[in-house]
Amino acid sequence: MEMQSKGIDIVDPFILSSIIGASANSAVLGLGKQIHCLVILLGYESSLFVSNALVDMYAKCSDILAAKKIFGEMLQRDIVSWTSIIVGTAQHGLAEEALSLYDQMLSTGLKPNEVTFVGLIYACSHVGLVSKGRYFFNSMIKDYGMSPSLQYYTCLLDLLSHSGHLEEAENLIKTMPFKQPDEATWAALLSACNHHRNTDIGIRVADHLLSLTPEDPSTYILLSNTYASAAMWESVSKVRRLMADMEVRREPGYGSIVLGKESKLFLAGETSHPEKDEIFGLLKELDAEMKRRLYS
């Protein structure tokens, strides 16, 4: 809108698709819908660039039904179209639908790109399709000659870890063709070990992670919990000393809402908010109303 006010011509599908892309990356659904209305008014609904951007925007802004509707109405589709809807459905937990869309895409003669495989492995991770995830990872290397980056190894690691294949996940990290997997990669595996209560691998991973001199405060909290669950109190003390040296504190949870042009931030346990009395009063009213309607 600022561009229009300054006399800059935005009646161009490339510019419109860029603006839609900015809405998607910022997850601002309201702005994206406004631009969609402008697209309709200007008659650019049939533009491939614009339609691709709209599919991506609605998927990233959590309106997967709108994304699927636009995709279904597209007269022309390219690899970007298919990848956007595959990744979108995967991120919304519609794994089987994402895999079905991939088969449909292949039937059109199109070949997947790197982003397509990220969506596919992510979809497999959502529902624990370990064999299928391994297949896609190997397929991108053998069938399409792609060289997986750390991101793809991380996707496969996430799949293996969440499915309880912890030893395979550990071996995957050790055999990655990179100099040194980062702190976040090892921390993700350690978190999975804790979740599946695999103390043996968990301690081994924790020891290695600690040797990397982590920088993320949450990693130290994870390490402390791991050692505590194994009753390794000396290690717990060591980690807590390091936490004290770094002045590590738990970051409070928070939520935010947008009112008009203002964004309101609320921290967990906050007692200094200027409108806390009104907020708590309203919450009590809502709680009473829910009880009256038998919601709790």
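Structure first, text after, so check above.
Here we summarise the structure given alongside this text.

The rules behind the values
Residues numbered from 1 in each chain as written. Predicted model: local features only at pLDDT ≥ 70, side-chain atom pairs only at ≥ 80, totals over all residues. Heavy atoms only, no water. Helix = DSSP H or I, 4+ residues; strand = E, 2+ residues; numbered from the N terminus. Buried < 20%, exposed > 50% of the residue type's maximum accessible area, 1.4 Å probe, protein only. Contact = heavy atoms within 4.5 Å. Areas by Shrake-Rupley, 256 points an atom, 1.4 Å probe, with all protein chains shown as cover. Core = buried A, V, L, I, M, F, W, Y, C linked by side-chain atoms within 4.5 Å. Axes fitted to C-alpha atoms, helices over the stretch in contact; angles between N-to-C directions. Parallel < 35°, antiparallel > 145°, perpendicular 65-115°, else oblique. Left-handed = near helix turned anticlockwise from the far one by under 90°. Phe/Tyr/Trp six-rings, centres within 6.5 Å; stacked < 30°, edge-to-face > 60°.

**Thoughts on the overall build of the protein chain**
Scanning the protein chain for helices and strands turns up 16 helices and two strands. Every one of the 296 residues in the protein chain was classed for burial, and the buried ones make up 38%. At a minimum sequence separation of 6, the contacts of the protein chain that also span at least 24 residues come to 52%. When the accessible area of the protein chain is evaluated, it comes to approximately 17600 Å², of which 54% is carbon and sulfur surface.

**A word on the nonpolar core**
I20, I86, F136, L189, L223 and Y227 are the most contacted members of the largest nonpolar core, which totals 75 residues. Among the elements that take part in this core, helix α4 (residues 48–60) stands out by supplying eight residues, more than any other. Discounting residues that sit within four places of it in the chain, Y227 has contacts with I203, A206, D207, L210, M232, S235, V236 and V239.

**Comments concerning the packing of helix α6 (residues 79–91) against helix α7 (residues 95–107)**
Look at α6 against α7: their axes get within 8 Å of each other, and the N-to-C directions meet at 165°. The pairing of α6 with α7 is recorded here as roughly antiparallel in orientation. Pair α6 / α7 crosses with left-handed handedness. Between α6, through I79, W82, I85, I86, T89 and A90, and α7, the contact on the second element is made entirely by E97, A98, L101, Y102, Q104 and M105.

**Description of the packing of aromatic side chains**
Ring pairs (aromatic) are described by centroid distance and by the angle formed between their planes. Under the defined criterion, the tally for this structure stands at six aromatic pairs. Ring geometry for F71 versus W82: centroids 5.0 Å apart, planes at 75°, classification edge-to-face. Taken together, the residues F71 in helix α5 (residues 64–73) and W82 in helix α6 connect sequence positions 11 residues apart. According to the relative accessible area criterion, F71 is buried, its value standing at 6%. We classify W82 as buried; its relative accessible area is 4%. Judged by centre distance (5.8 Å) and plane angle (55°), the ring pair of F117 and Y144 falls under tilted.

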